[in-house]
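# Examining the three-dimensional arrangement
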Amino acid sequence: ARETELARVQAEVAQARAAVRVDPEAARRAADLERQLADRERDLSDLRSSYETALDRVRAEVATAKAQEQSAREREAKVTARADQLERELAQERVRQVEPARPVQAAAPTEPPKAPPKAPAVPQIRSIEFQDTRNGPTVIVMTDAGAPEATIAVGQRSYEMTIKGVALPTHLTRRMDVTAFESAVSAVSAFTADDGTVRIIVDLDRPIGQNVRKASDGLSWTFAGPGPATMMAGTAQPPVAPPAPPPAPRIAQAPTAPSMVPAAATAQTAPATPEYLKPSMVPKKKKYVGRRINLTVKDADIQNVLTFLAREGKVNIVTSEDVRGKVTFHLEDVPWDLALDTVLKAKGLDYVVEQGIYRVAPITAIQKEFEAQVEKQKQQRELKPIIVRLVPVNYGDGNEMIPRVRTILSPRGSADVDARTNTLILKDTEDFLEAAEDLVRRLDQQTPQILIEARIVEARTTFKEDIGIQWGGRYAMSGAYGNETGLVFPSSVGLAGGAEPASPTGGLFTDSPNWVVNLPAAVGQGAGGAVGIQLGSIGGAANLTLRLSAAEENGDVKIISSPRISTLDNRKATISQGVSIPISVVSAAGVNTQFFSADLRLDVLPHVTRDGHISLKIDISKNEPDFGNVAANGNPTIQKKEAHTELLIRDGDTTVIGGIYTRSTSKSYKKIPLLGDIPVLGWLFKSRTRSDDRSELLIFITPKIVNREVAL
């Protein structure tokens, strides 16, 4: 801007000089303009010098900032390296701890420990198998070099085997769930401890004894017999060596096991220091899946503990100034998030997660924040406007749905129904209306429609056999026949059968057959058959008549009744067909006529479950009048066949809900005493009637959802 003004002044000076030649006043003005031009040039020179000075100062500051940034990066790299070194020293210090309950040393070692020498090649474990043998559940450990050295530690509900001098491949580091064998052993875990030994932990469901046997290619660990008395006490026992030379005294270290191996008890050679074991399975309301850590601190600042847990869990933790105090604890092989919850509960603290950041504060402060948020939402809800929404109901009844909708609305809301259009009229704020509308939409579903078909199958077979015999005759000695006896008394003799015939003319040539045995079968027109033979003398003094009759009757009856009806879910349906029989009843008021129903009837109440099954309450009956069996006054009796049951059946399936099978057999003889019991010849003096009646009733039911595609 100043350069533009300077150019303007120079142009005015040039014009003034041109005007001096003709006007003295212009000469004066030109002189003034030249002075102004000199002043402007001087100001511009000062500005240029100050601008260059400021630019040099800015460049120097930029260079200084770059140097400081480079120095800060170098310091950050040194701090990071130092932090990593401290973490390694802390891990090494944990490994060197002899007792888990011993406090952490105040100062870390100043020098990093030397790297252990490279271990020589050791035999490998080929396999770890679990078998349910005749002697009991057995863990079989196979190695490359015979039976290794092993010791056993007893826990509350577990055994721990420590094997020295062998290596465990990575694919065998695992936990096996063996509950399917239904034995005392529930799980077998194998892993390599920090001291290089192989640990095998056997979790038990109940106390049981154990025995280790050595073999040429490994160990056989069998569990049988009564368990040790101390297993129920909850304390660890000193190692129990298998049949072998006892190993040298040792102090076991707490292993940092892989995440799939549960925390196990460590063996102590000094029995005076009991170690209380952690149960292998503890019910938890919250599932902790964080990385497992080992940590022992004494009088540590809780801020430092939270910083360590944040670094272990790779999360961000922010604390308020109210979070203070010191904590002392020993944690071994626990998830970091469980350790965080436990430490916070011990100090009366809690946390909330906001956008992935854990904000730690006292429980009272978090509770106050929650209450303030609830109060704020309540006030905002009270300030929201009331709107009206019409919600149509397609399949349900609006009057039945109103009580359920009112439970969703706020105290400011209301609900009513238009019976003509079956539409709900809802008044409330937007959020409550959305909840009520969602409820109506979920309840207003097409009701399942079920077709129930029943089949009543009746089958009857009848068999009747009747065999009879008739025989008789007469013999006379008299002068009429020319064969008198020649005696004064008796001068004539006659012998004849005395059984009266069924009809007056039963013989072939005589008016009366004179039956001696008259046991015929029930033959006649349309039933059975008979054959007769008669023998007689020339003079007619003697004749003999024989008649055989037999009848057999077979019958097969099959009746199928199939009532069917459709109904909605949870709606009772009834269908019937039959007759009403009038019965006259005599009482003090006179003769009254009452009607009794003899019909085929089906009553069913279905219910469709969400998985497509159908629950049925069925009452089915078939009553028929029996005119073959009538009362004294001639009224027929009623044969009743009924079934009342409840069942659950899949859609479209057919099932038999019941059946009745009856069989009636009979065999009767008509005979002459004593004579009818004679073998073979006795058939001349008896008749036989045999019958076999069978009946079977089966009731089938088939439900089917008609609108399954839209109802479920």
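Going by the structure above, here's the rest.
Anyway, here's the lowdown on the structure attached to this text. (Residues numbered from 1 in each chain as written. Predicted model: local features only at pLDDT ≥ 70, side-chain atom pairs only at ≥ 80, totals over all residues. Heavy atoms only, no water.)

## Notes on the pattern of salt bridges
The full count for this structure, using the stated rule, is 28 salt bridges. A salt bridge links Arg359 to Glu369; the nearest nitrogen and oxygen atoms lie 2.8 Å apart. Here Glu369 lies in helix α5 (residues 363–383) and Arg359 lies in strand β14 (residues 357–362), a separation of ten residues in the sequence. Residue classification places Glu369 among the partly exposed residues on the basis of a relative accessible area of 38%. The salt bridge partner of Lys641 is Glu458, with a shortest N-O separation of 3.3 Å. Taken together, the positions of Lys641 in strand β27 (residues 636–650) and Glu458 in strand β18 (residues 449–477) put the pair 183 residues apart, joining distant regions of the chain. Side by side, Lys641 and Glu458 carry an identical accessibility label, which is buried. Sharing partners across several salt bridges, the network here consists of Glu458, Lys622, Glu624 and Lys641. (Salt bridge = Lys/Arg side-chain N within 4 Å of Asp/Glu carboxyl O. Helix = DSSP H or I, 4+ residues; strand = E, 2+ residues; numbered from the N terminus. Buried < 20%, exposed > 50% of the residue type's maximum accessible area, 1.4 Å probe, protein only.)

## Some details on unusual backbone geometry
For the bond from Phe489 to Pro490, the omega torsion is -5 degrees, close enough to zero to count as cis. Position of Pro490 among the secondary structure elements: in the loop between β18 and β19 (493–496). Despite not being glycine, Glu182 shows a phi value in the positive range, around 55 degrees. Relative to the helices and strands, Glu182 resides in the loop between β5 (174–177) and β6 (185–192). Here Glu182 falls in the exposed class, since its relative accessible area comes to 73%. Its identity as a non-glycine residue notwithstanding, Asn570 has a phi of 60 degrees, on the positive side. Mapped onto the elements of the fold, Asn570 is located in the loop between β23 (564–568) and β24 (573–587). For Asn570, a relative accessible area of 43% puts it in the partly exposed group.

## Description of the nonpolar core
Core analysis: the largest hydrophobic core is formed by 29 residues, its most contacted members being Val139, Met161, Ile200 and Trp221. Elements supplying a minimum of two residues to this core: β1 (125–133), β2 (136–143), β3 (149–154), β4 (158–164), β6, β7 (198–204) and β9 (218–223). In terms of nonpolar packing, the next biggest core, distinct from the first, is built from 25 residues, Ile293, Val327, Leu331 and Trp336 among them. (Core = buried A, V, L, I, M, F, W, Y, C linked by side-chain atoms within 4.5 Å.)

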